[in-house]
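Chain by chain, the residues run as shown.
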2 protein chains.
Amino acid sequence: MEKDKYIGVDIGGTTVKMAVLDRDGEMIHKWEIPTVTEESGNSIISDVALSLEHTLDELKIDKRTLHGIGVGAPGFIEQEEGYVYEAINIGWKDFGMGEALKQAAGLQVWADNDANIAALGENWLGAGHNCASMVAVTLGTGVGGGIIVNHKVINGTNGTGGEIGHITVKPGSPHYCNCGRYGCLETEASATAIARKAKERQLKNENGFLSSIKNPEAKDVFEGLKQDDEDCRLIVKDVTDQLGLALANLAVSINPEKIVIGGGVSKAGEQLIEPLKTAFRKYALPRVREVCDISIAELGNDAGVIGGAFLVKTKTENKQTGAQER
Amino acid sequence: MEKDKYIGVDIGGTTVKMAVLDRDGEMIHKWEIPTVTEESGNSIISDVALSLEHTLDELKIDKRTLHGIGVGAPGFIEQEEGYVYEAINIGWKDFGMGEALKQAAGLQVWADNDANIAALGENWLGAGHNCASMVAVTLGTGVGGGIIVNHKVINGTNGTGGEIGHITVKPGSPHYCNCGRYGCLETEASATAIARKAKERQLKNENGFLSSIKNPEAKDVFEGLKQDDEDCRLIVKDVTDQLGLALANLAVSINPEKIVIGGGVSKAGEQLIEPLKTAFRKYALPRVREVCDISIAELGNDAGVIGGAFLVKTKTENKQTGAQER
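Residues numbered from 1 in each chain as written. Chains lettered and ligands numbered in written order. Predicted model: local features only at pLDDT ≥ 70, side-chain atom pairs only at ≥ 80, totals over all residues. Heavy atoms only, no water.

Caption draft 1: Molecular detail of the overall build of chain A. Secondary structure summary: chain A contains 11 helices and 13 strands in total. What you see for chain A is a C-alpha radius of gyration of 20 Å, in line with the 20 Å of a compact globule of 326 residues. In terms of its C-alpha atoms, chain A occupies a principal-axis envelope of roughly 65 × 45 × 35 Å. The buried share of chain A, reckoned over its 326 residues, is 58%. Nonlocal contacts in chain A, meaning residues at least 24 apart in sequence, comprise 60% of its contacts between residues at least 6 apart. (Helix = DSSP H or I, 4+ residues; strand = E, 2+ residues; numbered from the N terminus. Rg over C-alpha atoms; globule rule 2.2 N^0.38 Å. Buried < 20%, exposed > 50% of the residue type's maximum accessible area, 1.4 Å probe, protein only. Contact = heavy atoms within 4.5 Å.)

If you want it as structure tokens, here you go:
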């Protein structure tokens, strides 16, 4: 029986998203189940396998037509064996997740960090358009990243590749990062950081746009920018300047074709992208910025399951037209 | 006739180095010829081809036993076709160098930037020890870099991958870089930058170690450090702090196994590596620094020809034991 389909699984702290895709990227079906994080998340894998079994039955899909499962989870994960060094939100540590899922589901499994998997999704069917090298940035509660070079995600020596939220942008900063250090990009450009900056501005200016909002969030700052508020303009300039510098410095190393910005903050669209492009142009080597486009991610919450399916595709297909060793 | 040898060619502003290596990395022969840069360097390729022809004759090596030629040159170069976008020192611009050499020598040709090729050399037979991912830094007149990920050099979208000398480390710095911008790593950590810092210190302190030296160079600063001179200590601390920050920020993206420091400044050995490691540890994410070793390059001037040969090896061998898609 010919194998022609892939399973993508995106394990988050609240839900597990799943999907079946065909080799052209057509989504045959997608669904989700709750993530049970109790008891160190030790029922998650059997929950996933059981739900997959039921759904394949309902869809009348023969398991032998599946190439395998691609899984994304938050944390540090080795790609080939799907070994999870640590996934704090889920409760896993030193867990042979790939092997467990392979046993439970009877399918081959590959895995990676959720941000890396989302990057693969955008690379396949989203804003990345199959380019050989790209950087995907997720601006949410934290700052995540996934880097693709020579058509492959950089998983790294111990699964820490693409952790661009922990680029030090402000040495000596007083702002503590969850990683145990200070001055990380995450403490300057995440939704959390933007909210903090809004509160700091509130204290300084009693008449600005922000003064009327009780607990201002990142979206309020972009709303204020729309209304031409000076405080909000300065916050966005500061955030995009630091993000633009970090991305320009990464781009001179990677020389990517594309930078894709996703996550909650990216809903600001052009209000974020325009000042970000200005900062990037200022700090990037001319040859590097000439070929590097910056745009908003296109797949939203589906990036993870699509990327999971694409990971399986890249691992099981040796050659594709127009792209070596995809 | 079985193909079992590779040619490495390293084109510099003064000499062209060449070598024949076998598949185990044994250097069968190495030699060099002057680089004739007159008339936009348009005789270089025929000089190389002619010298190669003569030398192979002398060595009684049948051309049919050669897999091809791997060439390094300073500038922006596309790897697959060996197309040179620009190589300022040599005088080339928009030059189909790979095709020209292929015609002249009757062999397959691959090419890359000299720093990328040197990184490949160190990766094969030097301090890189065949690791899957590493960063090679060249601290000389400028700052060059080569990044290897998943066993391949990052050539980039337009041959600008690994240009880490143009990471912006001091936004707003008054120090002009040859790239047309300010505050690049090259203006802070090259031999040229160290000499500039030494002159600045001389003007401030008439009694220090540096005051007796007419035109202090990088090596004088390390000599002064050996003699416990405070000015020299501060210069080395400043240089290694900025280099350590840039490398830590790169390492959190790449998650490499190894960082290898080469070029003239690397002759300082432990005097450079120790403070560099201290800075790197300060700025790098714990998981990243745990697996990343920093050491001095081992191949000296042979890195280029060895890397050229290795480029051919990686392009002509599909699989090797212990390393996929090398």
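Caption draft 2: Structural view of the pairing of strand 2 (residues 15-22) of chain A. All names here are of chain A. With respect to burial, strand 2 is a largely interior element, 6 of its 8 residues being buried. Bridging between strand 2 and strand 3 (residues 27-34) involves 7 bridges; their strand directions are antiparallel. Within strand 3, the position partnered with lysine 17 by the bridge is glutamate 32. From the end of strand 2 to the start of strand 3, which pair antiparallel, there are 4 residues, and glycine 25 there has a positive phi angle of about 90 degrees. (Pairing = 2+ DSSP bridges.)

Caption draft 3: Structural detail: the interface of chain A and chain B. Contact with chain A, which involves 43 residues of that partner, is made by 43 residues of chain B. Across the chain A/chain B interface, buried area totals approximately 3500 Å², and carbon plus sulfur atoms make up 53% of it. Considering only the side of chain A, the residues that lose the most area to chain B are Thr157, Ser253 and Arg287 of chain A, jointly responsible for 19% of the buried surface there. On the surface where chain A and chain B come into contact, there are 0 salt bridges. Among the secondary structure elements, those contributing two or more residues to the side of chain A that touches chain B are strand 10 (143-149), strand 11 (152-153), helix 8 (230-254), helix 9 (270-283) and helix 10 (286-290) of chain A. With 6 residues, the single largest contributor to the side of chain A that touches chain B is helix 8 of chain A. In the side of chain A that touches chain B, the residues fall into 21 nonpolar, 15 polar and 7 charged. (Buried area = accessible area lost by both parts, 1.4 Å probe. Salt bridge = Lys/Arg side-chain N within 4 Å of Asp/Glu carboxyl O. Nonpolar A, V, L, I, M, F, W, Y, C, P; charged D, E, K, R; others polar.)

Caption draft 4: A look at the pattern of salt bridges. All names here are of chain A. Going through the model one piece at a time under the given rule, you end up with 38 salt bridges over all chains. A salt bridge links glutamate 80 to lysine 315; its shortest N-O distance comes to 2.5 Å. Residue glutamate 80 is located in the loop between strand 5 (76-77) and strand 6 (84-87), and its partner lysine 315 is located in helix 11 (residues 303-316); the two are separated by 235 residues in the primary sequence. For glutamate 80, a relative accessible area of 36% corresponds to the partly exposed category.

Caption draft 5: Broad picture of the nonpolar core. Ranked by size, the top nonpolar core spans 96 residues in total, and within it Leu247 and Ile261 of chain A together with Leu247 and Ile261 of chain B carry the most contacts. In contact with leucine 247 of chain B, other than residues within four places in its own chain, are Val135, Val137, Ile164, Ile259, Ile261, Leu276 and Phe280 of chain B. (Core = buried A, V, L, I, M, F, W, Y, C linked by side-chain atoms within 4.5 Å.)

Caption draft 6: Layout of the state of the cysteines. All names here are of chain A. For the structure on display, the rule yields 0 disulfides over all chains. Its sulfur unpaired, cysteine 179 is 3.7 Å from the next cysteine sulfur, which belongs to cysteine 184. Of the residues examined, cysteine 184 reaches a relative accessible area of 0% and is grouped as buried. (Disulfide = S-S within 2.5 Å.)

Caption draft 7: Fine view of the domain arrangement of chain A. Residues and elements named next belong to chain A. Split by domain assignment, chain A resolves into domain 1 (5-121 + 301-316) and domain 2 (130-298). Summarising the inter-unit geometry, the C-alpha centres of domain 1 and domain 2 are found 28 Å apart. Listed by partner, the interface residues are 12 residues for domain 1 and 17 residues for domain 2. Here domain 1 meets domain 2 over a buried area of about 1000 Å², counting both sides, of which 53% is carbon and sulfur. For the domain 1 face of the interface with domain 2, the top three residues by lost area are Phe76, Asn116 and Ala119, together amounting to 44%. At the boundary of domain 1 and domain 2, one finds 0 salt bridges. Counting the contacts that link domain 1 with domain 2 gives 2 residue pairs in polar contact (both at pLDDT 80 or more). For the side of domain 1 that touches domain 2, the elements supplying multiple residues, two or more each, are strand 5, strand 8 (109-113) and helix 4 (114-125). If one sorts the elements of the side of domain 1 that touches domain 2 by residue count, helix 4 sits on top with 4 residues. Each residue belonging to the side of domain 1 that touches domain 2 can be placed in one class, and the counts come to 7 nonpolar, 3 polar and 2 charged. (Domains from an automatic or database assignment. Polar contact = N/O pair within 3.5 Å; in protein donor to acceptor, adjacent residues only side chain to side chain.)

Caption draft 8: Just the relation of the copies chain A and chain B, in detail. For the pair chain A and chain B, the best superposition has an RMSD of 0.0 Å and corresponds to a rotation of 180 degrees with a translation of 0.0 Å parallel to the axis. The relationship between the two copies is best expressed as a two-fold rotation axis. Relative to the rotation axis, the closest C-alpha in chain A is found at leucine 250 of chain A, a distance of 3.5 Å. (Least-squares fit on C-alpha atoms with pLDDT ≥ 70 in both.)

Caption draft 9: Representation of unusual backbone geometry within the structure. At glutamate 39 of chain A, a position not held by glycine, the phi torsion is positive, near 50 degrees. Here glutamate 39 of chain A shows up in helix 1 (residues 38-41). Residue class for glutamate 39 of chain A comes out exposed when judged on its relative accessible area of 63%. Of note, aspartate 228 of chain B is a non-glycine position whose phi angle comes to about 65 degrees, a positive value. By secondary structure assignment, the location of aspartate 228 of chain B is in the loop between helix 7 (218-226) and helix 8 (230-254). Of the residues examined, aspartate 228 of chain B reaches a relative accessible area of 68% and is grouped as exposed.

Caption draft 10: Fine view of the packing of aromatic side chains. Residues and elements named next belong to chain A. Tallied over the full model, the rule gives 8 aromatic pairs over all chains. The interplanar angle of 70 degrees and the centroid separation of 5.4 Å between the aromatic rings of tyrosine 176 and tyrosine 182 together place this pair among those described as edge-to-face. Here tyrosine 182 falls in the partly exposed class, since its relative accessible area comes to 42%. (Phe/Tyr/Trp six-rings, centres within 6.5 Å; stacked < 30°, edge-to-face > 60°.)

Caption draft 11: Representation of the sheet that holds strand 13 (residues 293-296) of chain A. All names here are of chain A. Strand order across the open sheet formed by 5 strands is 11-10-9-12-13, with mixed pairing between neighbours. The strands lining the two open edges of the sheet, one partner per strand, are strand 11 and strand 13. One ladder, built from 6 bridges, connects strand 9 (residues 134-139) with strand 10; its direction is antiparallel. Following the sheet pairing, leucine 139 is matched in strand 10 by valine 143. In the packing of helix 8 onto the sheet, contacts are made with strand 9, strand 10 and strand 12 (258-262), and the angle to strand 9 comes to roughly 155 degrees. Its contacts with the sheet place helix 9 against strand 9, strand 12 and strand 13, and it is angled at close to 160 degrees to strand 13. (Axes fitted to C-alpha atoms, helices over the stretch in contact; angles between N-to-C directions.)

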